[in-house]
Amino acid sequence: SCRGSQEGRAPQGRAQGRAQGRAQEEVALDDRLIIAHSPLHQSSGEVITTTAIPQPVAPLLESKYPEVDQVTLVSWELEFLFQKDTKIFKERGRYVSPQFFQILTFPFAAGDPQLAMADPHALIISRQLAIKYFGAVEVAIGQSIRVNNEQDFTVTGVFEDPSKASSLQFDWVIPLPNEQLSLMS
């Protein structure tokens, strides 16, 4: 997803208008949100449209198009094993670039959306997960959760659960690893 200025916007087609309207409904964004789509050629010859774009496209969009203010990358949905004491569950979420919460306005129940992504071992979770693992939203900040039985992540923010009508579903986000971001520069 990227955010651009009003200048130089292309006229909306019917499908783009529906997608833009849905995005506004989902995350209460203004009309400057653009979701990039690209064709994906299948071995069968079929071509499908996807929101998956190569990572190097992000800095290209920002440098080549002055009307693009910010770009955020969002991974496909992932399922990781979370563990807090005796609570062990598989949870669905995404890797995202650091400006994710600056571009997409998912309301926070706890923590600061401007600071939540600062640490590479940050874990930002939904209200539902905060209650599931810690009993209350207020006590989740600063707590750790072991992910995939490999590494501990610190909860730095709690966002309100995404609407069921949203096409972007997740219960956690983790900042994209710096080595992936450096590949894009």
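As the structure is a computational prediction, the values presented were derived from the model and not from experiment.

A.B. asks: How do you make sense of the pattern of salt bridges when you look at a structure like this?
C.D. replies: Here the idea is simple: oppositely charged side chains can pair when their charged atoms come close. Tallying each qualifying case throughout the model produces five salt bridges. One salt bridge connects glutamate 91 with lysine 132, and the closest N-O pair in it is separated by 2.8 Å. One end of the pair, glutamate 91, is in strand S7 (residues 87–96); the other, lysine 132, is in helix H4 (residues 127–134), and 41 residues separate them in sequence. Residue lysine 132 is classed as partly exposed on the basis of its relative accessible area of 29%. Taking the shortest distance from any N to any O, the salt bridge between arginine 127 and glutamate 160 comes out at 2.8 Å. With arginine 127 in helix H4 and glutamate 160 in the loop between strand S11 (151–159) and strand S12 (172–175), the pair connects residues that are 33 residues apart, well separated along the chain. When salt bridges with common partners are traced through the structure, they connect Glu77, Glu79 and Arg92 into a single cluster.

A.B. asks: Looking at this structure, I do not really get unusual backbone geometry. What am I missing?
C.D. replies: Note on backbone geometry: most residues besides glycine have negative phi, and most peptide bonds are trans. Even without glycine at this site, aspartate 85 takes up a positive phi of about 55°. Within the element layout of this structure, aspartate 85 appears in the loop between strand S6 (78–84) and S7. With a phi angle near 55°, asparagine 148 is a residue other than glycine that sits in the positive phi range. Among the secondary structure elements, asparagine 148 is positioned in the loop between strand S10 (144–147) and S11.

A.B. asks: Where do I start with the environment of valine 96 in this structure?
C.D. replies: Relative to the elements of secondary structure, valine 96 occurs in strand S7. According to the relative accessible area criterion, valine 96 is buried, its value standing at 0%. With 23 residues separating them along the chain, valine 96 and leucine 73 place their C-alpha atoms 5.5 Å apart. Excluding residues within four positions of it along the chain, valine 96 makes contact with Leu73, Val74, Met117, Val173, Ile174, Pro175 and Leu176.

A.B. asks: Whenever I open this one, the confidence of the model for the protein chain confuses me. Can you help?
C.D. replies: The predicted coordinates of low-pLDDT regions are not to be read in fine detail. For the protein chain, per-residue confidence averages 80 on the pLDDT scale, and residues scoring 70 or more make up 78% of the total. Confidence over residues 2–29 falls short of pLDDT 50; this stretch has 52 contacts with residues more than four positions distant or in other chains.

A.B. asks: In this structure, what is going on with H4? I would like to understand it.
C.D. replies: One turn of an α-helix holds 3.6 residues; hence residues three or four places apart share an orientation. Among all positions of H4, only Leu129, Ala130, Tyr133 and Phe134 are buried. Summarising the axial view, the buried residues of H4 lie within an arc of 105°, below the 170-degree limit, and thus occupy one face. Each element contacted by the buried residues of H4 is listed here: S6, S7, strand S9 (122–126), S10, S11 and S12. Backbone geometry just after H4 places glycine 135 at a positive phi near 85°.

A.B. asks: So what exactly am I meant to see when it comes to the nonpolar core here?
C.D. replies: Within soluble globular proteins, side chains that are nonpolar generally end up buried alongside one another. By size, the foremost hydrophobic cluster in this structure holds 19 residues, and its most contacted members are Phe82, Leu123, Ile125, Val155, Val158 and Trp172. Those elements that provide at least two residues to this core are S6, S9, H4, S10, S11 and S12. With four residues, H4 is the single largest residue contributor to this core. Other than its neighbours up to four places away in sequence, leucine 123 contacts Phe82, Ile145, Phe153, Thr154, Val155, Thr156, Gly157, Trp172, Val173 and Ile174. Core analysis: the next-biggest nonpolar cluster, separate from the first, contains 16 residues, Phe101, Met117, Phe159 and Phe170 among them.

Basis of the calculations
Residues numbered from 1 in each chain as written. Predicted model: local features only at pLDDT ≥ 70, side-chain atom pairs only at ≥ 80, totals over all residues. Heavy atoms only, no water. Salt bridge = Lys/Arg side-chain N within 4 Å of Asp/Glu carboxyl O. Helix = DSSP H or I, 4+ residues; strand = E, 2+ residues; numbered from the N terminus. Buried < 20%, exposed > 50% of the residue type's maximum accessible area, 1.4 Å probe, protein only. Contact = heavy atoms within 4.5 Å. pLDDT = per-residue confidence, 0-100. Arc of directions from axis to C-beta. Core = buried A, V, L, I, M, F, W, Y, C linked by side-chain atoms within 4.5 Å.

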